[in-house]
Number of protein chains: 2
Amino acid sequence: MKLQLHIKMNEALFLRNPESSELGKNILKHSVSLIYKTGFEAFTFKKLAEEIGTTEASIYRYFENKHKILVYLAAWYWTWFEFQISFHTNNIKDPNTKLKKVIKLLTTKVEDDEQTNYINESLLHQIIIAEGSKSYLTKQVGEDNKHQLFKPYKDLCAVIGNVILECNPKYKYPRSLATTIIEMAHFQNFFMNHLPSLTDFGKHKEETELVSFLIDLVFSSLKKT
Amino acid sequence: MKLQLHIKMNEALFLRNPESSELGKNILKHSVSLIYKTGFEAFTFKKLAEEIGTTEASIYRYFENKHKILVYLAAWYWTWFEFQISFHTNNIKDPNTKLKKVIKLLTTKVEDDEQTNYINESLLHQIIIAEGSKSYLTKQVGEDNKHQLFKPYKDLCAVIGNVILECNPKYKYPRSLATTIIEMAHFQNFFMNHLPSLTDFGKHKEETELVSFLIDLVFSSLKKT
DNA sequence: TTTAAATAACAGTAATACTATCATAAATAA
DNA sequence: TTATTTATGATAGTATTACTGTTATTTAAA
């Protein structure tokens, strides 16, 4: 018997809670593998239905459209990731060490939680790198934001921002630095793999170098008085 | 008689050169205003054709699909922006001052070049902020990159990277820092306007604060030996 | 002035993004 | 247990998107 931690999702994300049924869980599971495989643009409810062995109409009972699935997955991921942080930094007192750990967690390949649930965190991590920003770079961002759909991302930003303030209470831009860390962990990773000349760690594709870059960037700013 | 500077675009971006005809120029002009108005997702060739007063088929003779238009506009913008840098930093010898100028240019609202040409740089700047990363966050990024479609962005990154190296020849991550500056200038701006709690300059929406954040971030890293 | 090229006008197809209806199966409540 | 609600499957259908193709007409070049 394994401990299952359950993430309670914002109800505005779905029409019917996908966690409440087998079909719903299949929608999540196969959304992850299908978006991973085809990319978000080519991902359709038709293809998803075929993968699952159900119909488009059935999927529409769970999610309004594919954009909502992406926002759902992003929200799930950030909630899960915030837990990862609290888990892995649990015993760490020194905020500097804690912040370094956060950077490493953001940068390192995620290992799948061994079928703990229907979401493959490792694939989802890759999806968030390549598609995550599309969840808010839309015309509906204001509307979606009103419904609190980005709360998990904001909460994470606040958590990291607080660690930053612990490192240097006088630092003036904790939230912007937090989002910079998050976004750059992902963008630099994407660039490293697809547009390497935009980075300084192209050839070897070593994540450790990306970690070094981010740590240097962040702690230079924080060391100043 | 005004001096028109002409940007020679990569031929892989289009089927027929849009700069070679009135219709082509109209496609560019109205693409900018329509993407600005509706967002890239809702932007279609049908709507574009209606705006221009032409047919879908005619537009397809210029561009393969709407993604290519976005990549075209992004390429145009970065080429134009690189020129802006060389223009505005022309007499500046001190690399630190130069880098600050670059940050300000990236962050400040662009003023339209007074009908110098068919592209409204001010609107395009807003488009690049909200849609720019969608030009490469796709499954075709490798293919597009092979055709050099992202060369203007890479060139800009190299230019800024060189200024960074002038500031501190020992700095190890000039390109990654350059892309960080570029992307964060845009993302923080987007957050400021749409998801303000992700930043530290929400309420007043002052670009000057964003500039301060970026300058602090960058020069902290570069001051170290 | 002829001829070539570009565009408009129109038709048509396949895929996408949905909505609606009805039958049936499964879960739940009486 | 049966009645009833609820979820799903099966199927159909619509509007829009993303294209391709054909022909006539206009415009520009030789």
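Residues numbered from 1 in each chain as written. Chains lettered and ligands numbered in written order. Predicted model: local features only at pLDDT ≥ 70, side-chain atom pairs only at ≥ 80, totals over all residues. Heavy atoms only, no water.

> Teacher, can you tell me more about the relation of the copies chain A and chain B here?
Here the second copy of the chain follows from the first by a rotation about an axis and a shift along it. At an RMSD of 0.0 Å, chain A and chain B line up after a rotation of 180° and a shift of 0.0 Å along the axis. Such a combination of rotation and displacement between the chain copies is what one expects of a two-fold axis. Within chain A, the C-alpha atom positioned nearest to the axis of rotation is that of S220 of chain A, 2.6 Å from it. Interface residue correspondence from chain A to chain B reaches 100%, placing this contact among same-surface, isologous pairings. (Least-squares fit on C-alpha atoms with pLDDT ≥ 70 in both. Contact = heavy atoms within 4.5 Å.)

> For this particular structure, what's the right way to read the protein's contact with DNA strand C?
In the vicinity of DNA strand C there are 17 residues, among which Y60 and N65 of chain A together with T54, R61 and Y62 of chain B approach most closely. Counted by atom, the contact set of DNA strand C within 4 Å of the protein is 56% sugar and phosphate. Within the side chain of Y60 of chain A, an N or O atom sits 3.1 Å from a sugar or linking oxygen of DNA strand C. Of all the secondary-structure elements, those providing two or more residues to the surface near DNA strand C are α3 (56-60) of chain A together with α3 (56-60) of chain B. Here the element with the most residues in the surface near DNA strand C is α3 of chain A; it accounts for three residues. Taken together, the residues of the surface near DNA strand C sort by class into five nonpolar, six polar and six charged. (Near = heavy atom within 4 Å. Polar contact = N/O pair within 3.5 Å; in protein donor to acceptor, adjacent residues only side chain to side chain. Helix = DSSP H or I, 4+ residues; strand = E, 2+ residues; numbered from the N terminus. Nonpolar A, V, L, I, M, F, W, Y, C, P; charged D, E, K, R; others polar.)

> Just checking my understanding: could you explain the nonpolar core for this structure?
The nonpolar side chains of a soluble globular protein tend to be buried, and buried together. W78, L99 and I160 of chain A together with W78, L99 and I160 of chain B are the most contacted members of the largest nonpolar core, which totals 159 residues. If near-sequence neighbours (up to four positions away) are discounted, L99 of chain B is found in contact with I160, V163, I164, C167, I181, V218, F219 and L222 of chain B. (Core = buried A, V, L, I, M, F, W, Y, C linked by side-chain atoms within 4.5 Å. Buried < 20%, exposed > 50% of the residue type's maximum accessible area, 1.4 Å probe, protein only.)

> Could you clarify how one ought to interpret helix α8 (residues 151-167) of chain B in this entry?
Residues three or four positions apart in an α-helix share a direction because the helix packs 3.6 residues into each turn. For α8 of chain B, spanning 17 residues, the distance from its first C-alpha to its last is 24 Å, which sits close to the expected 24 Å at 1.5 Å a residue. Residues of α8 of chain B that are buried in the fold lie against α9 (174-194) of chain A together with α4 (66-88), α5 (95-107), α7 (141-146), α9 (174-194) and α10 (207-223) of chain B. (Expected span 1.5 Å × (residues − 1).)

> I tried to follow the interface of chain A and chain B on my own but got confused; where do I start?
Counting residues at the interface gives 49 residues for chain A, matched by 49 residues for chain B. Between chain A and chain B the total buried area reaches about 4300 Å² when both faces are included, carbon and sulfur atoms providing 64% of it. In terms of surface lost to chain B, no three residues of chain A exceed L137, Y173 and L198 of chain A, which account for 15% of the buried area on that side. Taken together, the links from chain A to chain B amount to zero salt bridges. For the interface between chain A and chain B, the tally reads 18 residue pairs in polar contact (both at pLDDT 80 or more). Within the residue set of the side of chain A that touches chain B, elements represented by two or more residues are α1 (22-38), α6 (121-131), α7 (141-146), α8 (151-167), α9 and α10 (207-223) of chain A. Ranked by residue count, the leading element in the side of chain A that touches chain B is α9 of chain A, at 13 residues. Among the residues making up the side of chain A that touches chain B, the classes are represented as 22 nonpolar, 14 polar and 13 charged. (Buried area = accessible area lost by both parts, 1.4 Å probe. Salt bridge = Lys/Arg side-chain N within 4 Å of Asp/Glu carboxyl O.)

Take it as geometry only, folks, not as evidence of what the structure does.
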